[in-house]
Each structure stands twice: as structure tokens, then as C-alpha cells.
Amino acid sequence: MDGFNMFLKNCWYVAGWSADYGRALKAETYLGENIVIYRTEDGRPVALENACPHRKLPLSDGKLVGDAVECGYHGLTFNCAGTCVAAPTQRGQIPRRAVVKSYPMVDRYHLLWIWMGDPDKANPDLIFPVENFDNPDWGYTDGGVMDINCNYLWVCDNLLDPSHVAWVHVTSFAGAGTDDAPLDVVKTDRGVVVSRWIYGQPPSPYYAGIVKFKGECDRLQHYEMCLPGIGLNKSIYSPVGTGGPDSDPIDLTLINISYNFMTPINGDQTRYFWFQHRNTDPHDKVISKKMNDGAYMAFEEDRAVLEKVHAGMKSPSTPFIDLGLDAGAKQFRHLLAGRIEAEGKA
Ligand SMILES: [Fe+2]
């Protein structure tokens with residue numbers, strides 16, 4: 001499989017939950033680059049290359065001096081822009097090449113976003129939009145984060161595959177039709193959508209306690225991947241007879257959007273962030289916790305599969321095959337590979 005170690009750079013990735021970063025130096029690796037993240041005294045997020053240009057000691061082993069980072073080896077000190085502002089051993093002469101890379105960062109949607117490419121192109125308007133985030137009628141879960149020992153594209157494939165739930169998520173998202181109902185694949189200007197309506201079936205176990213109506217439902221599985229690796233998984237449950245591509249939601253229609261943010265750590269590891277956002281029960285903490293716990297359990301099921309897929313596909317001893325359900329995933333990989341190639345030529 002191509003592109004295991006290739007990443008789109010000029011885009012925003014989630015670097016963490018905003019609440020997890022403060023006045024401490026935290027070492028992270030994203031897209032194979034070592035980064036130190038912290039906040040200034042007034043709370044602004046900062047990300048710098050995590051290696052002193054002298055002998056490459058991680059700056060995260062040093063300490064914060066005001067808003068600057070002092071290296072723990074010889075005290076070279078770098079401000080938020082990565083400029084060296086002190087070199088105590090040099091008697092005031094700051095070496096011309098004493099500089100570290102700095103990365104633009106923005107707090108949005110309770111998440112910390114990092115721009116991994118050309119800083120001059122870092123436009124916050126390009127951050128992935130979460131519709132209805134400020135809508136008081138919508139409720140969201142606390143979400144979570146986990147590291148998966150697989151390439152991020154295996155997670156992207158998984159999030160464009162509504163069929164795996166029939167085998168991997170038997171106690172949560174599975175249900176009649178999730179194994180073989182026909183799939184629609186559509187390219188969009190930001191990625192690929194694989195979707196299907198399933199009509200007149202009971203809700204899946206995960207949603208059974210959340211829908212506000214009794215009986216069978218019409219159900220949408222909308223699996224959308226957007227560049228560079230953001231999955232929007234929309235579930236619609238509507239009373240039987242009221243769903244379908246040409247029907248507007250009615251008052252009883254449940255809409256839940258699972259947001260999934262994949263940030264490559266390197267070619268073999270992915271940091272996976274998520275939260276869910278629903279059009280019901282905005283303040284119901286019991287429902288939020290139940291949905292969050294259920295999502296975490298399901299994503300652990302995914303992790304168990306995807307880590308073994310990564311290992312198996314990294315060095316297969318016999319040829320592998322594709323199935324019809326892989327069409328959307330292949331389109332997304334093709335789109336992403338084209339963007340990465342174009343970025344390399346720019
Ligand atoms: Fe899954």
C-alpha cells in the first residue's frame with residue numbers, strides 16, 4: 001500500500017484536547033516531527049520543534065522562563081516564534097542559526113489545532129467546521145483520545161466502511177442491513193461519503209435507549225472522510241416511513257454526528273480524537289456519558305482489528321484482495337495521495 005509515510009502538511013490537525021495543555025512542556029510527535037507544546041502566561045498555545053539546535057536535546061526537558069523555553073543543557077532560550085533570545089554561554093552573542101521551527105496553533109471546539117505546513121498559509125478559517133457547535137439544542141459528549149498502533153489510513157478506511165459494524169460492533173452499531181444493504185459512494189469537494197438508508201428495522205443497540213419513539217425506524221449510515229483525516233459519521237434514526245434521501249427530519253428524528261479526528265503520529269501510529277454531537281437532550285449528562293462510554297468501547301473494538309490489519313498488511317506473505325465495500329476508501333486514498341503529490345510539487 002502506498003503513502004504509509006506521506007502526510008498532507010498544509011492543513012490543520014488536532015494536536016490535543018485544549019484542556020490537556022497548560023503551563024507545562026509536553027512532548028508530542030505528529031507527522032513524524034517532534035514538537036513541544038505549552039501555553040503562554042496569558043493562555044495562548046505554542047508549538048515549537050522539540051530539539052535544541054545545539055545538540056538536539058528535547059526542549060521539553062528544559063523549562064519555561066515566562067513565555068520562552070530554556071534548554072536544559074546550556075540555557076539557549078527560544079521565544080514563541082522559535083527565535084533564540086538568550087545564549088548565556090556566548091556572552092550575549094546569539095548564534096545566527098540558533099532557531100527552532102514554530103507551528104501555528106488555534107483553540108477551537110475544545111480542541112487544540114496545529115498547522116504542520118507553511119506557517120504563512122495557516123488560515124484559521126480552514127479549520128474543519130463543526131456545524132451546530134454553538135446550537136443550544138444540541139448536546140455533545142466529552143469525547144476522548146486513544147493511540148492506535150496503525151497507519152492513520154487504516155482508520156480512515158474503517159470510517160468509510162459502514163459494513164464492518166455488522167462484525168466488529170455487534171453489541172452497539174450492528175443491525176439488520178448493516179452487512180449487505182447497497183452503498184452509495186459520492187465524492188465531495190472535501191472528501192468522500194459512503195452512505196446507505198436501511199428501512200423498517202429496529203434501532204441498533206447503541207441507539208435503542210436514545211431514540212424518542214417506539215418501533216421500527218428508517219436509518220441512515222453516513223460515513224464521510226474529509227482531508228486530511230477527519231471522519232464525520234452521521235447516524236439518522238427516524239420513525240419507519242419518515243426516512244430516506246428525499247425526506248426532511250421530523251421532530252422525532254434523532255441525528256447523531258460522531259466526529260473523528262485522526263492525526264498521524266508517524267507512519268505506524270495514529271492519535272485518534274473524537275466526540276459526538278446530537279440533536280437531542282443537550283444537557284442530559286447521563287445520555288452523554290452512556291454515549292461516550294459506548295463509543296469508547298466500540299473504538300477499542302476497532303483498535304483491536306486495525307492494529308492487526310496494519311501488521312498483516314505491512315508485510316503480507318500472500319496477495320491481498322479488495323472488496324466492493326472498499327470503493328469509498330480507495331477513492332479517499334486516491335484524493336489524498338493527489339493532494340500530497342501536488343503539495344510536494346508546489
Ligand atoms: Fe468501527
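Residues numbered from 1 in each chain as written. Predicted model: local features only at pLDDT ≥ 70, side-chain atom pairs only at ≥ 80, totals over all residues. Heavy atoms only, no water.

This brings us to the coordination of the iron ion. Coordination of the iron ion by the protein comes from H164 (NE2), H169 (NE2), D302 (OD) and D302 (OD), over a distance range of 2.1 to 2.4 Å. Viewed at the metal, the 4 donor atoms of the iron ion are separated by angles of 58 to 151°, and the geometry they form is irregular. For the iron ion, the donor residues sit on a single chain with the sequence spacing H-x4-H-x132-D. Residue H169 is located in the loop between α2 (165–168) and β14 (184–187), and its partner D302 is located in helix α4 (residues 285–314); the two are separated by 133 residues in the primary sequence. Among the residues examined, D302 registers a relative accessible area of 6% and is labelled buried. (Donors = N, O, S within 2.8 Å, 3.2 Å for Na, K, Ca; no water. Tetrahedral: all angles 85-135°; square planar, octahedral: opposite > 155°, others 65-115°. Helix = DSSP H or I, 4+ residues; strand = E, 2+ residues; numbered from the N terminus. Buried < 20%, exposed > 50% of the residue type's maximum accessible area, 1.4 Å probe, protein only.)

For helix α5 (residues 327–345), with 19 residues, the first-to-last C-alpha span of 27 Å sits near the 27 Å given by 1.5 Å per residue. Listing the buried residues of α5 in full gives G328, A329, F332, R333, L335, L336 and I340. The arc that holds every buried residue of α5, seen down its axis, measures 160°, which confines them to one face. Exposed side chains of α5 directed beyond 90 degrees from the buried face belong to H334 and K345. (Expected span 1.5 Å × (residues − 1). Arc of directions from axis to C-beta.)

Here we come to the pattern of salt bridges. In total, this model carries 16 salt bridges according to the counting rule given. Here K101 makes a salt bridge to E33, at a shortest N to O gap of 3.1 Å. A residue pair is termed long-range when its members are at least 10 positions apart, and K101 in the loop between β8 (84–86) and β9 (102–103) and E33 in strand β3 (residues 33–39) qualify at 68 residues. Here E33 falls in the buried class, since its relative accessible area comes to 16%. (Salt bridge = Lys/Arg side-chain N within 4 Å of Asp/Glu carboxyl O.)

With that settled, the discussion passes to the state of the cysteines. On inspection of all chains with the given rule, the structure shows 0 disulfides. C150 forms no disulfide, and the closest cysteine sulfur to it belongs to C156, at a distance of 9.1 Å. Looking at C150, the relative accessible area reads 0%, which means it is buried. (Disulfide = S-S within 2.5 Å.)

Spatial ordering of the open sheet is given by β1-β11-β10, a layout of 3 strands whose pairing is antiparallel. Here the strands that pair on one side only, and so sit at the sheet edges, are β1 (12–17) and β10 (105–108). Strand-to-strand twist of the sheet, defined as the mean angle between neighbouring strand axes without regard to direction, takes the value 30°. Where β1 meets strand β11 (residues 111–115), 5 bridges bridge the pair, whose relative direction is antiparallel. Paired with W12 across the bridge in β11 is W115. (Pairing = 2+ DSSP bridges. Axes fitted to C-alpha atoms, helices over the stretch in contact; angles between N-to-C directions.)

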